[in-house]
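Single-letter residue listing:
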Amino acid sequence: MGFVDAIPVVTARATVTDQGVHIQRVATVQAARKRGGYAKQLLNQLMADLKPVVATLSKPQFYLGAQLTALPFYERLGFRAVGPVFMEAGIQHQLLKLNLEQ
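Visitor: Just to check I follow, could you spell out the overall build of the protein for this structure?
Guide: For the protein, the helix and strand inventory stands at two helices and six strands. Going from the N terminus to the C terminus, the protein shows its helices and strands as β-β-β-α-β-α-β-β. Its C-alpha atoms give the protein a radius of gyration of 14 Å, near enough to 13 Å, the size a compact globule of 102 residues would have. With respect to the principal axes defined by its C-alpha atoms, the protein has extents near 40 × 30 × 20 Å.

Below you can see the structure in the form of structure tokens.
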């Protein structure tokens, strides 16, 4: 979670799975969107903190299901689209992966 002046403005969660580290529930409060790069900062820190864990996994990758409107944001972080578009909660999503294998 990220804060500005002790007020939470951004959040995300990550879970280690047999497929890698699953990033979910990335959200920034509307008033803070496109103002400070809060989601980018949070995800970069989250991935840096978890990189040693990911390196030990049989599938060393981060992955997430992103709303199609957010694809450019995640692609700038290094994620790449994989597979078909799917519906979740009535919204089109795409599976994205950031593979750490060399």
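Resuming the write-up.
Visitor: Which parts of the structure should I look at to understand the side chain of Gln94?
Guide: By the element assignment, Gln94 lies in strand β6 (residues 91–99). Looking at Gln94, its side chain comes within polar contact range of the main-chain oxygen of Gly83, at 2.5 Å. Those residues within four positions of Gln94 in sequence are excluded, and the remaining contacts are Leu64, Gly65, Ala66, Leu68, Leu71, Ala81, Val82, Gly83, Pro84, Val85 and Phe86.

Visitor: Would you explain the pairing of β6 in this entry?
Guide: If a strand is regular, its side chains alternate between the two faces of the sheet. Of the pairings in the sheet, the one linking strand β4 (residues 61–67) to β6 comprises seven bridges and is antiparallel in character. Along β6, the bridge assignment pairs Phe62 with Leu98. Across six bridges, the pairing between strand β5 (residues 80–88) and β6 is antiparallel. Opposite Val82, over in β6, you have Leu95 as the bridge partner.

Visitor: Looking at this model, I keep getting lost on the pairing of strand β2 (residues 7–17). Mind explaining?
Guide: Relative to β2, strand β1 (residues 2–4) is paired through three bridges, and the arrangement is antiparallel. Bridging across to β2, Gly2 finds its partner in Val10. Where β2 meets strand β3 (residues 20–28), seven bridges bridge the pair, whose relative direction is antiparallel. Across the sheet, the residue bridging to Thr15 is His22, located in β3. Between β2 and β3, which pair antiparallel in sequence order, lie two residues.

Visitor: What's the story with the sheet that holds β1 in this structure? I'm lost.
Guide: Remark on secondary structure: sheet strands pair via backbone hydrogen bonds, oriented parallel or antiparallel. Within the open sheet, the six strands sit side by side as β1-β2-β3-β4-β6-β5. Their pairing is mixed. Of all strands in the sheet, those with a lone pairing partner are β1 and β5, marking the two edges. The sheet shows a mean angle of 20° between the axes of neighbouring strands, taken without regard to direction. Contacting β1, β2, β3, β4 and β6, helix α1 (residues 38–54) runs over the sheet at an angle of about 30° to β2.

Visitor: Hey, could you run me through the nonpolar core in this one?
Guide: General note: in soluble globular proteins, nonpolar side chains tend to be found buried as a group. Formed by 21 residues in total, the largest nonpolar core has its most connected members in Ile23, Leu43, Phe62, Leu64, Tyr74, Phe79 and Leu96. Listed by contribution, the elements that provide at least two residues to this core are β2, β3, α1, β4, α2 (71–76) and β6. Residue contributions to this core peak at six residues, all from α1. Ignoring anything within four residues of it in the chain, the contact list for Ile23 reads Arg13, Ala14, Leu43, Leu46, Met47, Phe62, Tyr63, Leu64 and Phe79.

Conventions used here
- Residue numbering note: each chain is counted from 1, following its sequence as written.
- Owing to the predicted nature of the model, reporting of local features is limited to residues with pLDDT of at least 70; listing and counting of side-chain atom pairs is limited to 80 or more, with chain, interface and lining totals taken over all residues.
- Computation of side-chain values covers all heavy atoms of the structure but excludes hydrogens and water.
- Under the DSSP-based scheme used, a helix requires at least four consecutive residues in state H or I and a strand at least two consecutive residues in state E, with every element numbered from the N terminus.
- Two things to know: the radius of gyration comes from C-alpha atoms, and the globule rule equals 2.2 Å times the number of residues to the power 0.38.
- Counted as a polar contact is a pair of N or O atoms within 3.5 Å, where, for protein atoms, one must be capable of donating a hydrogen and the other of accepting one, and residues adjacent in sequence contribute only when both atoms are in side chains.
- Contacts are assigned to residue pairs with any non-hydrogen atoms lying within 4.5 Å of each other.
- In this analysis, strands are considered paired if DSSP registers two or more bridges between them.
- Between N-to-C directions, angles cover 0 to 180 degrees, with each direction set by a line fitted to C-alpha atoms, over the stretch in contact for helices.
- Throughout, nonpolar core names a set of buried Ala, Val, Leu, Ile, Met, Phe, Trp, Tyr and Cys residues whose side chains join them through atoms within 4.5 Å.
- A 1.4 Å probe rolled over the protein chains alone gives each residue an accessible area, and that area as a share of the maximum for its type sets the label: buried under 20%, exposed over 50%, partly exposed in between.

Don't take any of this as a statement about function, it's just geometry.
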